[in-house]
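Residue-level structural notes
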Amino acid sequence: MAQEKFKIKNLKFKINDKILSCVLASILFFVFTGTSVYAESSYVLPYPSSMPGGILYKPHLVWEKIMKYWYFGNFGQFEYNLKQSDRYLVEAKTLFEYKQFLLGYSALIKSDSYFSQSPLYLELAKKENKNIEDKKNILRGAALKHMEILYRLKNEVPKTFEWTPEKSSSTALSLEDTISESIEIRKNKL
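Just so we're clear, the structure is a prediction, and the values are computed from it rather than from any experiment.

1. Thoughts on the pattern of salt bridges
Tallying each qualifying case throughout the model produces 10 salt bridges. One salt bridge connects R87 with E91, and the closest N-O pair in it is separated by 3.8 Å. Of this pair, R87 and E91 both sit in helix α3 (residues 73-97), four residues apart, roughly one helical turn. Of the two residues, R87 and E91, both sit in the buried class. Among the salt bridges present, the one from E184 reaches K187, with a minimum N-O distance of 3.7 Å. Linking E184 with K187, this pair stays in helix α6 (residues 175-187), spanning three residues, or about one helical turn. By relative accessible area, K187 is classed as partly exposed at 37%.

Structure representation (structure tokens):
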């Protein structure tokens, strides 16, 4: 009887050990293969940096202008513009989420401007007979991730926003049209 209890306990331990091994192997597989089970695009956007109204925002804008000259060559300028496009898209997304529509609108326009510049530097690099395939894939991934964010924003942000400054007349901002234009800019780069 005691021997049978020992065999049953030993069998349960082996089964639990196998289940634990399978779970650990699955976790390790996802960690080391970089497979994401949540994101639709593997391109990763940065965490929001200093935001308008923050004490470090204006020095950050000056630093941004200085860094433009730190990135040398066509590939460097490609990376700089794409990085700034990512930054301003995240800024716009965050501002829209906090109902800061005017600031979000401005950030989205900046993101579009930087994104539009990135492919131009790739074309210049191609004319210099440089291999741009890896950078084109990065640009495609960025465009897909940006569009994913923009489609989500399009559903969450009001179609228009009436901005009324204190001492002048109001201005209507068509947020839906601006977001649609941003999506088209990225679609053209796929």
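On we go.
2. Comments concerning the packing of helix α5 (residues 133-156) against α6
Any two packed helices are characterised by the angle at which their axes cross and by the distance between the axes. Packing of α5 against α6 brings their axes to within 9 Å, and their N-to-C directions diverge by 165°. By the angle between their axes, α5 is roughly antiparallel relative to α6. Crossing of α5 against α6: the hand is left-handed. Every residue of α6 that contacts α5 at A143, H146, M147, L150, Y151, L153 and K154 is listed here: E176, I179, S180, S182, I183, R186 and K187. Residue classes in the contact of α5 with α6 are distributed as seven nonpolar, three polar and four charged.

3. Some remarks on the packing of helix α4 (residues 101-127) against α6
Between α4 and α6, whose axes approach to 10 Å, the crossing angle comes to 20°. In this view, α4 runs roughly parallel relative to α6, as classed from their interaxial angle. Note that α4 runs across α6; the crossing there is left-handed. Where α4 abuts α6, its residues F101, Y105, L108, I109, S111, D112, F115 and S116 lie against L175, T178, I179, S182, I185 and R186. When grouped by side-chain class, the residues that make up the contact of α4 with α6 number eight nonpolar, four polar and two charged.

4. Focus: the environment of K189
Summarising the element assignment, K189 is placed in the segment after α6. Sequence-wise, K189 and F115 are 74 residues apart; in three dimensions their C-alpha atoms are separated by 9.4 Å. Apart from the residues lying within four places of it in its own chain, the contact partners of K189 are F115, P119, L139 and R140.

The rules we used
- The residue numbers shown here count from 1 along each chain, following its written sequence.
- This being a predicted model, a pLDDT of at least 70 is required before a residue's local features are given, and a value of 80 or more before pairs of side-chain atoms are given or counted; all residues contribute to the totals for chains, interfaces and linings.
- Calculation of side-chain values draws on the structure's entire complement of heavy atoms; hydrogens and water are dropped beforehand.
- Salt bridges are identified by distance alone: a Lys or Arg side-chain nitrogen within 4 Å of an Asp or Glu carboxyl oxygen.
- Note on conventions: DSSP H or I runs of at least 4 residues are helices, E runs of at least 2 residues are strands, and numbering of each starts at the N terminus.
- Exposure classes here rest on a 1.4 Å probe applied to the protein chains alone. A residue is buried below 20% of its type maximum, exposed above 50%, and partly exposed in between.
- An axis is simply a line fitted to the C-alpha atoms; with a helix, the fit covers only the stretch in contact. Between two such axes, the angle follows the N-to-C directions and lies from 0 to 180 degrees.
- Angle categories are assigned with fixed cut-offs, so that under 35 degrees is roughly parallel, over 145 is roughly antiparallel, 65 to 115 is roughly perpendicular, and the rest are oblique.
- Note on convention: the crossing is left-handed when the near helix lies turned anticlockwise from the far helix by less than a right angle, right-handed when the turn is clockwise.
- Pairs of residues are marked as contacts when any of their non-hydrogen atoms sit within 4.5 Å.
- Note on residue classes: Ala, Val, Leu, Ile, Met, Phe, Trp, Tyr, Cys and Pro are nonpolar, Asp, Glu, Lys and Arg are charged, and everything else, Gly too, is polar.

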